[in-house]
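Examination of the molecular architecture
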Amino acid sequence: MIKVLVCDDHPLVRQGIKQILADAPDIALVGEADSGPEAVRQVRAFATCGGIDVVLMDIAMPQRDGLDVLKQLKGEFPKLPVLMLSTYPDRQYAVRSLKLGAAGYLNKSADSEQMTGAIRKVAAGGLFITSAVAEQLAGAIGAGKARGDETPLHERLSHREYQVFRLLTAGRSVGEIAEQLALSSNTVTTYRSRILDKTGARNDVELALYAVQAELV
(Lines give C-alpha, C1' and ligand atoms only; values in the text may rest on other atoms or scores of the structure.)
Protein backbone atom coordinates (compact mmCIF):
# COMPACT_ATOMS: atom_id res chain seq x y z
CA MET A 1 0.00 0.00 0.00
CA ILE A 2 1.34 3.42 -1.01
CA LYS A 3 0.85 5.84 1.90
CA VAL A 4 0.16 9.41 0.76
CA LEU A 5 0.11 12.74 2.57
CA VAL A 6 -1.70 15.55 0.73
CA CYS A 7 -0.87 19.17 1.49
CA ASP A 8 -3.29 21.77 0.13
CA ASP A 9 -4.99 24.68 1.84
CA HIS A 10 -8.30 24.19 0.00
CA PRO A 11 -10.63 21.62 1.66
CA LEU A 12 -12.46 20.98 -1.62
CA VAL A 13 -9.21 20.10 -3.38
CA ARG A 14 -8.23 17.73 -0.59
CA GLN A 15 -11.68 16.14 -0.73
CA GLY A 16 -11.39 15.68 -4.48
CA ILE A 17 -8.00 14.02 -4.14
CA LYS A 18 -9.35 11.83 -1.35
CA GLN A 19 -12.13 10.60 -3.64
CA ILE A 20 -9.67 9.87 -6.45
CA LEU A 21 -7.37 7.88 -4.16
CA ALA A 22 -10.27 6.00 -2.60
CA ASP A 23 -10.80 4.26 -5.94
CA ALA A 24 -7.16 3.09 -6.09
CA PRO A 25 -6.81 -0.20 -4.17
CA ASP A 26 -3.04 0.19 -3.76
CA ILE A 27 -3.02 3.82 -2.54
CA ALA A 28 -4.09 5.13 0.87
CA LEU A 29 -4.45 8.75 1.95
CA VAL A 30 -3.08 8.67 5.49
CA GLY A 31 -2.78 12.38 6.23
CA GLU A 32 -3.91 15.87 5.23
CA ALA A 33 -2.22 19.23 5.84
CA ASP A 34 -3.54 22.70 5.12
CA SER A 35 -0.21 24.56 5.43
CA GLY A 36 3.49 24.04 4.82
CA PRO A 37 4.48 23.88 8.50
CA GLU A 38 1.72 21.35 9.16
CA ALA A 39 3.00 19.19 6.28
CA VAL A 40 6.51 19.16 7.76
CA ARG A 41 5.13 18.33 11.21
CA GLN A 42 3.13 15.39 9.86
CA VAL A 43 6.01 13.98 7.79
CA ARG A 44 8.19 14.07 10.90
CA ALA A 45 5.47 12.41 12.96
CA PHE A 46 4.90 9.64 10.42
CA ALA A 47 8.67 9.08 10.19
CA THR A 48 8.53 7.58 13.69
CA CYS A 49 5.80 5.07 12.77
CA GLY A 50 6.36 3.71 9.30
CA GLY A 51 6.79 6.89 7.29
CA ILE A 52 5.10 8.37 4.23
CA ASP A 53 5.64 6.99 0.72
CA VAL A 54 4.60 10.08 -1.28
CA VAL A 55 3.77 13.70 -0.46
CA LEU A 56 1.40 15.59 -2.74
CA MET A 57 2.36 19.25 -2.24
CA ASP A 58 0.51 22.29 -3.54
CA ILE A 59 2.78 25.14 -4.59
CA ALA A 60 0.51 28.01 -3.50
CA MET A 61 0.39 27.51 0.25
CA PRO A 62 -0.18 29.93 3.17
CA GLN A 63 2.67 30.76 5.60
CA ARG A 64 5.29 28.98 3.45
CA ASP A 65 4.92 28.14 -0.21
CA GLY A 66 5.25 24.59 -1.46
CA LEU A 67 8.71 25.09 -2.92
CA ASP A 68 10.06 26.23 0.46
CA VAL A 69 8.55 23.16 2.08
CA LEU A 70 9.93 20.96 -0.71
CA LYS A 71 13.46 22.24 0.02
CA GLN A 72 13.09 21.50 3.73
CA LEU A 73 11.63 18.03 3.20
CA LYS A 74 14.36 17.07 0.75
CA GLY A 75 16.92 18.29 3.27
CA GLU A 76 15.45 16.22 6.11
CA PHE A 77 14.12 13.27 4.10
CA PRO A 78 16.14 13.13 0.86
CA LYS A 79 14.59 9.83 -0.30
CA LEU A 80 10.97 10.97 0.22
CA PRO A 81 9.23 11.52 -3.15
CA VAL A 82 7.41 14.86 -3.29
CA LEU A 83 4.97 15.34 -6.16
CA MET A 84 4.18 19.01 -6.70
CA LEU A 85 0.61 20.10 -7.52
CA SER A 86 -0.28 23.41 -9.12
CA THR A 87 -2.91 25.36 -10.98
CA TYR A 88 -0.17 27.50 -12.54
CA PRO A 89 0.91 26.89 -16.14
CA ASP A 90 3.75 24.37 -16.25
CA ARG A 91 6.24 26.92 -17.56
CA GLN A 92 6.06 28.89 -14.32
CA TYR A 93 7.14 26.31 -11.77
CA ALA A 94 7.71 22.84 -13.28
CA VAL A 95 11.43 23.14 -13.98
CA ARG A 96 12.09 24.99 -10.72
CA SER A 97 10.29 22.23 -8.80
CA LEU A 98 12.37 19.52 -10.43
CA LYS A 99 15.61 21.41 -9.83
CA LEU A 100 14.72 21.62 -6.13
CA GLY A 101 14.29 17.85 -5.93
CA ALA A 102 10.62 17.22 -6.69
CA ALA A 103 9.86 13.72 -7.98
CA GLY A 104 7.32 15.16 -10.38
CA TYR A 105 5.06 18.04 -11.29
CA LEU A 106 1.33 17.58 -11.83
CA ASN A 107 -1.23 20.17 -12.82
CA LYS A 108 -4.46 20.03 -10.82
CA SER A 109 -6.36 19.72 -14.08
CA ALA A 110 -4.95 16.18 -14.45
CA ASP A 111 -7.47 13.35 -14.52
CA SER A 112 -7.68 10.63 -11.89
CA GLU A 113 -5.70 8.06 -13.91
CA GLN A 114 -2.83 10.50 -14.44
CA MET A 115 -2.75 11.39 -10.73
CA THR A 116 -2.74 7.79 -9.49
CA GLY A 117 -0.23 6.85 -12.19
CA ALA A 118 2.06 9.68 -11.11
CA ILE A 119 1.83 8.59 -7.46
CA ARG A 120 2.70 4.98 -8.36
CA LYS A 121 5.63 6.07 -10.50
CA VAL A 122 7.29 8.34 -7.94
CA ALA A 123 6.60 5.85 -5.13
CA ALA A 124 8.56 3.30 -7.14
CA GLY A 125 11.50 5.69 -7.39
CA GLY A 126 10.70 7.11 -10.80
CA LEU A 127 10.33 10.68 -12.05
CA PHE A 128 6.93 11.84 -13.30
CA ILE A 129 6.92 14.55 -15.95
CA THR A 130 4.54 15.24 -18.81
CA SER A 131 5.84 15.63 -22.35
CA ALA A 132 5.38 19.40 -22.10
CA VAL A 133 7.45 19.59 -18.91
CA ALA A 134 10.08 17.33 -20.47
CA GLU A 135 10.48 19.83 -23.31
CA GLN A 136 10.88 22.68 -20.82
CA LEU A 137 13.42 20.71 -18.82
CA ALA A 138 15.41 19.94 -21.97
CA GLY A 139 15.31 23.62 -22.87
CA ALA A 140 16.52 24.60 -19.41
CA ILE A 141 19.40 22.13 -19.61
CA GLY A 142 20.30 23.49 -23.03
CA ALA A 143 20.20 27.04 -21.72
CA GLY A 144 22.49 26.05 -18.88
CA LYS A 145 25.08 24.85 -21.37
CA ALA A 146 24.77 27.97 -23.47
CA ARG A 147 26.33 31.33 -22.78
CA GLY A 148 24.93 33.18 -19.79
CA ASP A 149 23.39 35.91 -21.91
CA GLU A 150 21.27 33.29 -23.72
CA THR A 151 19.63 32.09 -20.51
CA PRO A 152 16.13 33.56 -19.94
CA LEU A 153 16.51 36.45 -17.53
CA HIS A 154 14.03 35.10 -14.99
CA GLU A 155 15.91 31.78 -14.88
CA ARG A 156 18.82 33.66 -13.31
CA LEU A 157 16.72 34.46 -10.24
CA SER A 158 17.23 32.48 -7.07
CA HIS A 159 14.28 30.64 -5.55
CA ARG A 160 13.55 33.49 -3.11
CA GLU A 161 14.03 36.14 -5.79
CA TYR A 162 11.57 34.31 -8.01
CA GLN A 163 9.03 34.24 -5.18
CA VAL A 164 9.33 38.01 -4.77
CA PHE A 165 9.29 38.48 -8.56
CA ARG A 166 5.99 36.58 -8.87
CA LEU A 167 4.38 38.63 -6.09
CA LEU A 168 5.64 41.93 -7.50
CA THR A 169 4.23 41.11 -10.94
CA ALA A 170 0.93 40.23 -9.25
CA GLY A 171 0.75 43.80 -7.94
CA ARG A 172 1.69 43.11 -4.31
CA SER A 173 3.39 45.88 -2.33
CA VAL A 174 6.72 45.44 -0.55
CA GLY A 175 4.87 45.37 2.78
CA GLU A 176 2.41 42.72 1.60
CA ILE A 177 5.24 40.57 0.25
CA ALA A 178 7.19 40.93 3.48
CA GLU A 179 4.18 39.76 5.47
CA GLN A 180 3.42 36.82 3.18
CA LEU A 181 7.01 35.56 3.06
CA ALA A 182 7.79 36.38 6.71
CA LEU A 183 10.61 38.73 5.73
CA SER A 184 11.45 42.30 6.68
CA SER A 185 10.49 45.08 4.28
CA ASN A 186 14.18 45.97 3.92
CA THR A 187 14.97 42.41 2.84
CA VAL A 188 12.18 42.43 0.26
CA THR A 189 13.44 45.79 -1.03
CA THR A 190 16.90 44.25 -1.43
CA TYR A 191 15.45 41.32 -3.36
CA ARG A 192 13.47 43.72 -5.53
CA SER A 193 16.66 45.61 -6.42
CA ARG A 194 18.40 42.36 -7.38
CA ILE A 195 15.42 41.31 -9.50
CA LEU A 196 15.34 44.61 -11.36
CA ASP A 197 19.06 44.33 -11.98
CA LYS A 198 18.91 40.75 -13.26
CA THR A 199 15.91 41.33 -15.53
CA GLY A 200 16.95 44.78 -16.74
CA ALA A 201 13.62 46.29 -15.67
CA ARG A 202 13.66 49.82 -14.29
CA ASN A 203 10.50 49.61 -12.19
CA ASP A 204 7.58 47.36 -11.27
CA VAL A 205 5.63 48.28 -14.39
CA GLU A 206 8.47 47.13 -16.66
CA LEU A 207 8.85 44.05 -14.50
CA ALA A 208 5.17 43.19 -15.01
CA LEU A 209 5.56 43.80 -18.75
CA TYR A 210 8.52 41.42 -18.83
CA ALA A 211 6.46 38.75 -17.05
CA VAL A 212 3.70 39.11 -19.66
CA GLN A 213 6.14 38.93 -22.58
CA ALA A 214 7.78 35.85 -21.07
CA GLU A 215 4.31 34.28 -20.67
CA LEU A 216 4.78 33.95 -16.91
CA VAL A 217 1.42 35.51 -16.05
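Structural data are supplied above this passage.
Residues numbered from 1 in each chain as written. Predicted model: local features only at pLDDT ≥ 70, side-chain atom pairs only at ≥ 80, totals over all residues. Heavy atoms only, no water.

1. Some remarks on the nonpolar core
Membership of the largest hydrophobic core comes to 42 residues, with the highest contact counts inside it found for Val55, Met57, Met84, Val164 and Phe165. Setting aside its immediate chain neighbours within four residues, methionine 57 contacts Cys7, Ala39, Gly66, Val69, Leu73, Val82, Leu83, Met84 and Leu85. Grouped together as the second largest cluster of nonpolar side chains are 19 residues, Leu21, Ile27, Leu56 and Leu83 included. (Core = buried A, V, L, I, M, F, W, Y, C linked by side-chain atoms within 4.5 Å. Buried < 20%, exposed > 50% of the residue type's maximum accessible area, 1.4 Å probe, protein only. Contact = heavy atoms within 4.5 Å.)

2. Some words on the packing of helix α7 (residues 159-169) against helix α10 (residues 204-213)
The N-to-C vectors of α7 and α10 enclose an angle of 100°; their axes lie 9 Å apart at closest approach. In terms of their interaxial angle, α7 and α10 are classed as roughly perpendicular. For the pair α7 and α10, contact is made by Phe165, Leu168 and Thr169 and by Asp204, Leu207, Ala208, Tyr210 and Ala211, respectively. When grouped by side-chain class, the residues that make up the contact of α7 with α10 number six nonpolar, one polar and one charged. (Axes fitted to C-alpha atoms, helices over the stretch in contact; angles between N-to-C directions. Helix = DSSP H or I, 4+ residues; strand = E, 2+ residues; numbered from the N terminus. Parallel < 35°, antiparallel > 145°, perpendicular 65-115°, else oblique. Nonpolar A, V, L, I, M, F, W, Y, C, P; charged D, E, K, R; others polar.)

3. A word on the side chain of aspartate 8
Looking at where aspartate 8 falls in the secondary structure, it is placed in the loop between β1 (2-7) and α1 (11-22). A residue is classified by how much of its surface remains accessible, and aspartate 8, at 0% relative accessible area, is buried. In terms of polar contacts, aspartate 8 uses its side chain to reach the backbone amide nitrogen of histidine 10, at 2.8 Å. Beyond its immediate chain neighbours, meaning those up to four positions away, aspartate 8 contacts Val13, Arg14, Ala33, Asp34, Asp58, Met61 and Lys108. (Polar contact = N/O pair within 3.5 Å; in protein donor to acceptor, adjacent residues only side chain to side chain.)

4. Points about the pattern of salt bridges
Per the stated rule, a full pass over the model turns up 11 salt bridges. Aspartate 68 is the partner of arginine 160 in a salt bridge, and the nearest nitrogen-oxygen pair spans 3.5 Å. Of this pair, arginine 160 sits in helix α7 while aspartate 68 sits in helix α3 (residues 66-76), placing them 92 residues apart in sequence. By relative accessible area, which is 12% here, aspartate 68 ends up buried. The salt bridge involving glutamate 161 is made with lysine 198; its shortest N-O contact spans 2.8 Å. Remark: lysine 198 occurs in helix α9 (residues 185-199) and glutamate 161 occurs in helix α7; sequence separation between them is 37 residues. Residues participating in the shared-partner salt-bridge network are Asp8, Asp58 and Lys108. (Salt bridge = Lys/Arg side-chain N within 4 Å of Asp/Glu carboxyl O.)

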